[in-house]
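Remarks on the overall topology
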Amino acid sequence: MKLTKASLQDKSAWESANVVLPKFDIDTMCRETEQNPIWVHFGSGNIFRGFIARLQQQLLNEGLSKSGIIAADTFDAEIINKIYKPHDNLSLYVSLEPDGNSEMEIVASVAKAVDATGADPKDMAYLTSVFENPSLQLVSFTITEKGYALANLQGEYFPIVKKDIANGPEHATHAMSIVAKLLFARYKAGAAPIAVVSMDNCSHNGEKLRSSVLAIAEAWAENGFVDSGFIRYLKDESKVTFPWSMIDKITPRPSETIEKRLTEAGIEEMAPIITEKKTFIAPFVNAEVPQYLVIEDRFPNGRPPLEKAGVFFTDRETVNNSERMKVTTCLNPLHTALAVFGCLLGYKSISAEMKDEDLKNLVLHIGYDEGMPVCVNPGIINPADFIREVIEQRLPNPFLPDTPQRIATDTSQKIPIRFGETIKSYIARDDLNVDSLTYIPLAIAGWLRYLLGVDDCGESMEVSSDPMLAELKSKLAGIEVGKPESYKGQLQAILSNEVLFATDLTKTGLNSKIETMFVEMLKGPGAVRAALKKYL
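Residues numbered from 1 in each chain as written. Predicted model: local features only at pLDDT ≥ 70, side-chain atom pairs only at ≥ 80, totals over all residues. Heavy atoms only, no water.

**Topic: the overall build of the chain**
Helix and strand counts for the chain come out as 23 helices and 15 strands. Against the 2.2 N^0.38 benchmark of 24 Å for 536 residues, the chain shows a C-alpha radius of gyration of 23 Å, consistent with a compact globule. The principal-axis extent of the C-alpha atoms belonging to the chain is close to 65 × 60 × 45 Å. The buried share among the 536 residues of the chain stands at 60%. For the chain, the proportion of contacts with a sequence separation of at least 24, taken over those separated by at least 6, is 75%. Within the structure as shown, the chain displays about 20,500 Å² of accessible surface, and the carbon and sulfur contribution to it stands at 49%. Here the chain contributes 56 positive and 71 negative side-chain charges, whose respective centroids are spaced 2 Å apart. (Helix = DSSP H or I, 4+ residues; strand = E, 2+ residues; numbered from the N terminus. Rg over C-alpha atoms; globule rule 2.2 N^0.38 Å. Buried < 20%, exposed > 50% of the residue type's maximum accessible area, 1.4 Å probe, protein only. Contact = heavy atoms within 4.5 Å. Areas by Shrake-Rupley, 256 points an atom, 1.4 Å probe, with all protein chains shown as cover. Lys, Arg positive; Asp, Glu negative; His and termini not counted. Charge placed at Lys NZ, Arg CZ, Asp CG, Glu CD.)

See below:
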């Protein structure tokens, strides 16, 4: 058995391997998508294949939709060329349940996969024609927080953005520039309405997406590349909307155990690849079972009936409260704390960390003691139930091969939301004292200690990729593990940065607490563990 449309013709072989097959005709779906595209998705990685694509698959299976999704990638064309195209755009989904059981399903809702980096002119021409088609209803994104970023910590545009602004739509290379270029094509073709939906795991994601696209478009207008009517089109909510959303599903790297299990079942060519851009991806996706998607219901050109696949459609306030519940309290800050301390303490899985009493206590304190007092109940999801599921079932799941090293990626982009928003809430509340916070400052101090690239045994360790890594390391220059006296106030420039923490921590008084914790972790081997024990 191979993951191709031809191989799926042998239904009995797949069914004997307990793999659920699509209940719709794939070729018919592809033809319908070609004629009447309704959905383009940017970001072709695991969260898309293991969650978003499966939502449309359910609608197709139940006859509630005829068209599939066009998957595009603005960052890593190798995913398209080495994972999608060799497998006829099919994915094999494997659920990872806490008891070790799994369900397997062929996901076939992707009608076409295109390289949107601009390297393939034919793919870009096709994508432009799709955006020009009035039938297109929504464009969605899972490109991570850094995909929307246009500037560095000082607010200066990245060189790639400066180049795009100077060169105009025809030479767009940044993800946001490419999206602006495609929306400009839609505007010129008749200005049909469209919903542009971020499904990324970041606060106010729709606003981030809108701001970035508008920044590019307005700069182009100033330089004479686009007309003022295009800017009015983007700002007209009867034409273009940027709904907010909250998404939640853990989709870790492909597991060697799952790969072996699939191979033993007779499914060939399941080995993962590592692309030149360091994407670790396989023809299969393994993911946990729990999943949540809440979307602001503003779709001026209609939308698929995704509520019948379990998606919550609601108002912006409810989306915001759902997102804040998850991102600032019930899951993401716990994940980040586990990630940085897990790396420092030599752990290779999140589930193993949850057996460490110190680390488990840390996330309990961050979530229940410091996060819950400022958590707003969104109404559609109960925060107490949500955090209990996270701490008791999801994070300890031994069959979920998620690593602290993966979660530690791009932490600078996550800190302002995962910790900064809670700190801001404490400052804003008369009945709470920001000085009472201990465990969030401990997590921030742990992250800063992690950036030094030395573990708690005193050995060198690799620090996960981060767009701000070089800049942050330069500010930490001169600090040495094992020499607390080497700290001479270097953190001040970091802790005062409002972009990084959503507030100036030196004005909150938390900076001195974080500095004290950080210096304690510099004392030598075992100092990180000792600091954890002291404050817990």
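After that view of the structure, there is still more to cover.
**What to know about unusual backbone geometry**
In the Ramachandran plot, Asn18 falls in the positive-phi region, its phi being about 60 degrees despite a non-glycine side chain. The exposure class assigned to Asn18 is exposed, which follows from its relative accessible area of 61%.

**Structural notes on the pairing of strand E3 (residues 69-73)**
Burial within E3 is extensive, with five of its five residues counted as buried. Here E3 shows no split at all, with Ile69, Ala71 and Asp73 on one side and Ile70 and Ala72 on the other all buried. In the sheet, strand E2 (residues 39-42) pairs with E3 via three bridges, with the strands oriented parallel. Residue pairing across strands places Phe42 opposite Ala72, the latter belonging to E3. Two strands pair when backbone bridges link them, and E3 and strand E6 (residues 110-115) are joined in this way by five bridges, in the parallel orientation. When the bridges of E6 are listed, Ala72 appears paired with Val114. (Pairing = 2+ DSSP bridges.)

**Considerations on helix H23 (residues 527-535)**
Among the residues of H23, those classed as buried are Ala527, Val528, Ala531, Leu532 and Tyr535. Taken end-on, H23 shows its buried residues confined to a sector of 145 degrees, consistent with a single buried face. Along its buried surface, H23 packs onto helix H12 (332-344), helix H14 (357-371), helix H18 (439-450) and helix H22 (510-520). (Arc of directions from axis to C-beta.)

**Structural notes on the pattern of salt bridges**
Any two side chains of opposite charge can pair, so long as their charged atoms come close to each other. Enumeration according to the criterion identifies 24 salt bridges in this entry. Three or more residues are tied together by salt bridges with common partners; here these are Glu237, Glu296, Arg298 and Arg316. (Salt bridge = Lys/Arg side-chain N within 4 Å of Asp/Glu carboxyl O.)

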